[in-house]
Amino acid sequence: MYDLIILGGGPAGYNASERAAHAGLKTLVIEERALGGVCLNEGCIPTKTFLYSAKIFDYGKHASDYGVTFGSSAIDHSKVVDRKNKVVSMLVGGVGSTLKKAGVEVVKATATIKERNAEGFVVTADGKDYVAKQILVCTGSSAAVPPIPGLSDSIKNGFALTNREILDLREIPKSIVVVGGGVIGLEMASYFNSVGSKVYVVEMLDHIAGPTDLEISALLQKTYEKKGVEFILNAKVTSIADKKVSYEKDGKVSEIPCDYALVSIGRRARTAGLGLENIGVKIERGAIVTDEYGKTNVPGVWAAGDVNGKSMLAHTAYREGEVCINNILGKKDRINYNSIPSVIYTNPEVAAVGETEQTAKAKGLNVKIKTVPLVFSGRYIAENEGGNGFIKLIVDADHNNIVGLHMIGTYASEIIYGAAMMVETEMRIADIQKMVFPHPTVCEVIREALFQF
Ligand code: NAI
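As the structure is a prediction and not an experimental result, all values here were calculated from the model.

### Things to note about the domain arrangement of the protein
Here the protein is partitioned into domain 1 (2-142 + 268-335), domain 2 (151-265) and domain 3 (339-450). Of the residues lining the interface, 16 residues belong to domain 2; the matching set on domain 3 comes to 18 residues. Summed over both sides, the interface of domain 2 with domain 3 buries roughly 1,400 Å², with 66% coming from carbon and sulfur. Sorting the residues of domain 2 by area buried against domain 3 places Asp213, Ile216 and Leu219 first, and these three jointly supply 38% of that buried surface. Summed over the shared surface of domain 2 and domain 3, the number is 2 salt bridges.

Below you can see the structure in the form of structure tokens.
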């Protein structure tokens, strides 16, 4: 008998299992593929190895702007993939040994919830039954594959790729069509553009990067257009087959011949086949319904991470898993979804937290908005020839605190956590102004911007 069985060993599951075991709960994690889930194996981390190689390659291309001359440079994509595999296996191994040290048991199998009986919840894996007092479902998400004509066959024959297959491609495609200009699409478009592919991005909306601040999304698009990426917006993909992607725009159907198509049009929670119906767990639009404490409608059953369909980010998953464990342990805890930072690891990077201009206005908040160019930072100018990044601050005019911060430019991904703290703790502008920021840095533009209100 276990205190807790966790289904899924991704960021939500493995982090929660470690916290649970440290707190003395007898914990079992059942994972069908590899510990680390999508994040470590086919998401956040592998894509960062790709993008870092591209960044080095790009630095080389522009080195002469900074007075540096290299010999000829080239990228060996297959070596980039080898290094990605090395990094992934190192990190997956690290998670395994951390869990072992913490006393978490791990079973590699597909888990199904069988029933709830007098003893507890019965979970079957590899023909064996495991019983626990409570269950935490962390089964994540998988790439959405909508019924676009030709798509499933194209996935089978290797023409269409999802976030999983694209990371194991051993060649640099001459041309690739990215279907969906969201986070995955843009990061992969950035990589393949840097390494020399002709990249097209076909997006249904009239802008890229979904919920991102519209001025930032426009600058990101312009920057990548200059680098040679072609964006086709307001376009509906009508078929993906025979080495071409067809789309309809303004009532006219066109096609783009290409070596590969990347399908990055969102993700779906993984709830099918888990046996959730056997214990009556409520599912809406394919995702498990949870409250702010991570509870489902069934007492003793919790869910965290992408499977609840809420924020679908690894860092949200970590925190949601922790929230569940704290509540299981009787320590009331909840997650604040308003202060979760988001990052797009393009070059330049995009990062944001809190309200955008658009969401603040839609909520009727009384806000003041200031945009400050990053050239206010000496370090930014020193390191970015011709750089035009900026930071946008959304301040609640009634309470004088930051409710949103949006940024495009170097180090955005590392700077945003500071802004998230300001949003989460509702720090007053007057208090932030008293803080000393390091100089010279790009982050000091935040402080500078605050003096403009
Ligand atoms: P997404 O939701 O970010 O973007 C999907 C895009 O596809 C949207 O812009 C949507 O309008 C468009 N779209 C949908 N159907 C379409 C169609 N038929 N034709 C053309 N465009 C269409 O989803 P994405 O990029 O697949 O990422 C999935 C998840 O992974 C997201 O929740 C994201 O947060 C997470 N992720 C996070 C990363 C990060 O934090 N840096 C990196 C990669 C993924």
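Text resumes after the structure shown.
### Considering the nonpolar core
Membership of the largest hydrophobic core comes to 36 residues, with the highest contact counts inside it found for Ile166, Tyr191, Phe192, Val199 and Phe231. Put simply, the parts of the chain that give this core at least two residues each are helix 3 (44-62), helix 4 (77-102), strand 9 (175-179), helix 6 (183-194), strand 10 (198-202), helix 7 (214-226) and strand 15 (260-263). Filtering out sequence-adjacent residues up to four positions away, phenylalanine 231 remains in contact with Leu186, Val201, Ile208, Gln221, Tyr224 and Glu225.

### Details of the packing of aromatic side chains
For the structure on display, the rule yields 4 aromatic pairs. Here tyrosine 2 and tyrosine 130 contribute two aromatic rings whose centre-to-centre distance is 6.4 Å and whose plane-to-plane angle is 50°, an arrangement assigned as tilted. Here tyrosine 2 is found in strand 1 (residues 2-7), whereas its partner tyrosine 130 is found in strand 6 (residues 128-137), with 128 residues between them in sequence. No difference in accessibility class separates tyrosine 2 from tyrosine 130, as the two residues are buried. Both rings, one in phenylalanine 50 and one in tyrosine 191, keep their centres 4.8 Å apart while their planes meet at 40°; by these two values the pair is tilted.

### Remarks on the packing of helix 3 against helix 4
If you want to describe how two helices pack, look at the angle between their axes and the distance between the axes. Look at helix 3 against helix 4: their axes get within 9 Å of each other, and the N-to-C directions meet at 140°. With respect to their mutual orientation, helix 3 and helix 4 come out oblique. Helix 4 is crossed by helix 3, and the crossing has right-handed handedness. Every residue of helix 4 that contacts helix 3 at Ile45, Pro46, Thr49, Phe50 and Ser53 is listed here: His77, Val80, Val81, Arg83, Lys84, Val87, Val88 and Leu91. Residue composition of the contact of helix 3 with helix 4, by class: 8 nonpolar, 3 polar and 2 charged.

### As for the sheet that holds strand 12 (residues 236-241)
Spatially, 3 strands are ordered 12-13-14 in an open sheet, and the strand pairing comes out antiparallel. The outermost strands of the open sheet, each flanked by one partner alone, are strand 12 and strand 14 (252-257). Adjacent strand axes in the sheet meet at a mean angle of 20°, parallel and antiparallel pairs treated alike. Note: strand 12 against strand 13 (residues 244-249), 5 bridges, orientation antiparallel. Considered in strand 13, the bridge of serine 239 is made with serine 246.

### Observations regarding the sheet that holds strand 22 (residues 367-373)
Sheet architecture is open: 5 strands sit in the order 20-21-24-23-22, paired in antiparallel fashion. Two strands in the sheet have a free side with no partner beyond their single neighbour: strand 20 (342-344) and strand 22. Neighbouring strand axes in the sheet, compared pairwise and without regard to direction, differ in orientation by 15° on average. Where strand 23 (residues 390-396) meets strand 24 (residues 401-408), 7 bridges bridge the pair, whose relative direction is antiparallel.

### Structural notes on the site of the ligand
The immediate surroundings of the ligand are formed by 20 residues, with Ile184, Glu187, Glu203, Gly266 and Val343 found nearest. Between the ligand and isoleucine 184, the relevant distance is 2.9 Å, taken from an oxygen atom to a main-chain nitrogen or oxygen of the residue. Within the contact set of the ligand, an oxygen atom lies 2.9 Å away from a backbone nitrogen or oxygen of glycine 266. When isolated, the ligand has an accessible area of 850 Å², and the protein chains bury 79% of it. The element best represented in the shell around the ligand is helix 6, accounting for 4 residues. A breakdown of the residues in the shell around the ligand according to their chemical character gives 12 nonpolar, 5 polar and 3 charged.

### A closer look at unusual backbone geometry
Of the consecutive residues asparagine 347 and proline 348, the connecting peptide bond is found in the cis state with omega at 15°. Of note, proline 348 is situated in the loop between strand 20 and strand 21 (350-354). Cis geometry is adopted by the peptide bond preceding proline 440, which originates at histidine 439 and carries an omega value of -5°. By the element assignment, proline 440 lies in the loop between helix 12 (429-433) and helix 13 (444-450). Although it is not a glycine, lysine 243 adopts a positive phi angle of roughly 60°. Relative to the helices and strands, lysine 243 is located in the loop between strand 12 and strand 13. Its identity as a non-glycine residue notwithstanding, arginine 285 has a phi of 45°, on the positive side.

### Digging into the side chain of serine 339
By secondary structure assignment, the location of serine 339 is in the loop between helix 8 (314-328) and strand 20. A polar contact of 2.2 Å, which involves the side chain of serine 339, links it to the side chain of glutamate 424. In contact with serine 339, other than residues within four places in its own chain, are Val353, Ala420, Val423 and Glu424.

### What about the side chain of glutamate 357?
Mapped onto the elements, glutamate 357 comes out in helix 9 (residues 357-362). Within the local environment of glutamate 357, its side chain forms a polar contact with the side chain of lysine 392, the two groups lying 2.5 Å apart. The contacts of glutamate 357, once residues within four sequence positions are left out, are Asp213, Glu215, Ile369, Lys392 and Ile394.

### Digging into the pattern of salt bridges
Per the counting criterion, the structure on display carries 24 salt bridges. Across the pair lysine 26 and glutamate 105 runs a salt bridge whose closest N-O atoms are separated by 3.3 Å. Of this pair, lysine 26 sits in the loop between helix 1 (11-22) and strand 2 (27-31) while glutamate 105 sits in strand 3 (residues 105-108), and the two are 79 residues apart along the sequence. Exposure remark for glutamate 105: the relative accessible area of 33% places this residue in the partly exposed category. Measuring nitrogen to oxygen at the nearest pair gives 2.7 Å for the salt bridge that ties aspartate 129 to lysine 114. Here lysine 114 lies in strand 4 (residues 111-116) and aspartate 129 lies in strand 6, a separation of 15 residues in the sequence.

Criteria and thresholds
Residues numbered from 1 in each chain as written. Predicted model: local features only at pLDDT ≥ 70, side-chain atom pairs only at ≥ 80, totals over all residues. Heavy atoms only, no water. Domains from an automatic or database assignment. Contact = heavy atoms within 4.5 Å. Buried area = accessible area lost by both parts, 1.4 Å probe. Salt bridge = Lys/Arg side-chain N within 4 Å of Asp/Glu carboxyl O. Core = buried A, V, L, I, M, F, W, Y, C linked by side-chain atoms within 4.5 Å. Buried < 20%, exposed > 50% of the residue type's maximum accessible area, 1.4 Å probe, protein only. Helix = DSSP H or I, 4+ residues; strand = E, 2+ residues; numbered from the N terminus. Phe/Tyr/Trp six-rings, centres within 6.5 Å; stacked < 30°, edge-to-face > 60°. Axes fitted to C-alpha atoms, helices over the stretch in contact; angles between N-to-C directions. Parallel < 35°, antiparallel > 145°, perpendicular 65-115°, else oblique. Left-handed = near helix turned anticlockwise from the far one by under 90°. Nonpolar A, V, L, I, M, F, W, Y, C, P; charged D, E, K, R; others polar. Pairing = 2+ DSSP bridges. Near = heavy atom within 4 Å. Polar contact = N/O pair within 3.5 Å; in protein donor to acceptor, adjacent residues only side chain to side chain. Areas by Shrake-Rupley, 256 points an atom, 1.4 Å probe, with all protein chains shown as cover.

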